[in-house]
Amino acid sequence: MIELLSGPLSERIRECASDNCPLVFVDTSRPGARRWCAMERCGNRHKLRALRARQATDS
């Protein structure tokens, strides 16, 4: 943990953008713009909520 916090990836440590996820992760994506701890978990939930909200306003 000390190496991670003081090493070259220290600026890539992110907090998950989900409202109810306490996880912290290292963003290893090329642009460094990852928002969620995992797309399969929080990213899909966020996208599904956004889709349902759009569908609700379209109807």
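Residues numbered from 1 in each chain as written. Predicted model: local features only at pLDDT ≥ 70, side-chain atom pairs only at ≥ 80, totals over all residues. Heavy atoms only, no water.

J.: Which parts of the structure should I look at to understand the overall build of the protein?
T.: Helix and strand counts for the protein stand at two helices and two strands. Judged by the C-alpha coordinates and their principal axes, the protein covers about 50 × 25 × 15 Å. Every one of the 59 residues in the protein was classed for burial, and the buried ones make up 17%. Sequence separation of 24 or more characterises 4% of the internal contacts of the protein that already satisfy a separation of 6 or more. Only carbon and sulfur atoms are counted for the fraction: they give 53% of the accessible area of the protein, which is about 4,900 Å². Where the 11 positive side-chain charges of the protein centre and where its 7 negative ones centre are 6 Å apart. (Helix = DSSP H or I, 4+ residues; strand = E, 2+ residues; numbered from the N terminus. Buried < 20%, exposed > 50% of the residue type's maximum accessible area, 1.4 Å probe, protein only. Contact = heavy atoms within 4.5 Å. Areas by Shrake-Rupley, 256 points an atom, 1.4 Å probe, with all protein chains shown as cover. Lys, Arg positive; Asp, Glu negative; His and termini not counted. Charge placed at Lys NZ, Arg CZ, Asp CG, Glu CD.)

J.: Help me understand the nonpolar core, please; the structure alone is not making it clear to me.
T.: A general tendency of soluble globular proteins is for nonpolar side chains to be buried together. Ranked by size, the top nonpolar core spans six residues in total: Cys-16, Cys-21, Phe-25, Trp-36, Cys-37 and Cys-42. Not counting chain neighbours up to four residues away, the residues in contact with Phe-25 comprise Arg-12, Ile-13, Arg-14, Glu-15, Cys-16, Arg-34, Arg-35, Trp-36 and Cys-37. (Core = buried A, V, L, I, M, F, W, Y, C linked by side-chain atoms within 4.5 Å.)

J.: Would you explain the pattern of salt bridges in this entry?
T.: Side chains bearing opposite charge may pair, as long as their charged atoms lie close to each other. Enumeration according to the criterion identifies one salt bridge in this entry. Here Arg-14 makes a salt bridge to Asp-27, at a shortest N to O gap of 3.8 Å. With Arg-14 in strand S1 (residues 13–15) and Asp-27 in the loop between strand S2 (24–26) and helix H2 (39–58), the pair connects residues that are 13 residues apart, well separated along the chain. Assessed through its relative accessible area of 23%, Arg-14 is described here as partly exposed. (Salt bridge = Lys/Arg side-chain N within 4 Å of Asp/Glu carboxyl O.)

J.: What is the right way to read the environment of Arg-45 from this model?
T.: Following the sequence through the fold, Arg-45 ends up in helix H2. Accessibility expressed as a relative area gives 45% for Arg-45, which makes it partly exposed. Distance from Arg-45 to Ile-13, taken between C-alpha atoms, is 22 Å for residues 32 residues apart in sequence.

J.: Please clarify how the side chain of Ser-18 should be interpreted in this entry.
T.: For Ser-18, the position within the fold is in the loop between S1 and S2. Engagement of the side chain of Ser-18 in a polar contact is seen with the side chain of Asn-20, the distance being 3.0 Å. Filtering out sequence-adjacent residues up to four positions away, Ser-18 remains in contact with Trp-36 and Cys-42. (Polar contact = N/O pair within 3.5 Å; in protein donor to acceptor, adjacent residues only side chain to side chain.)

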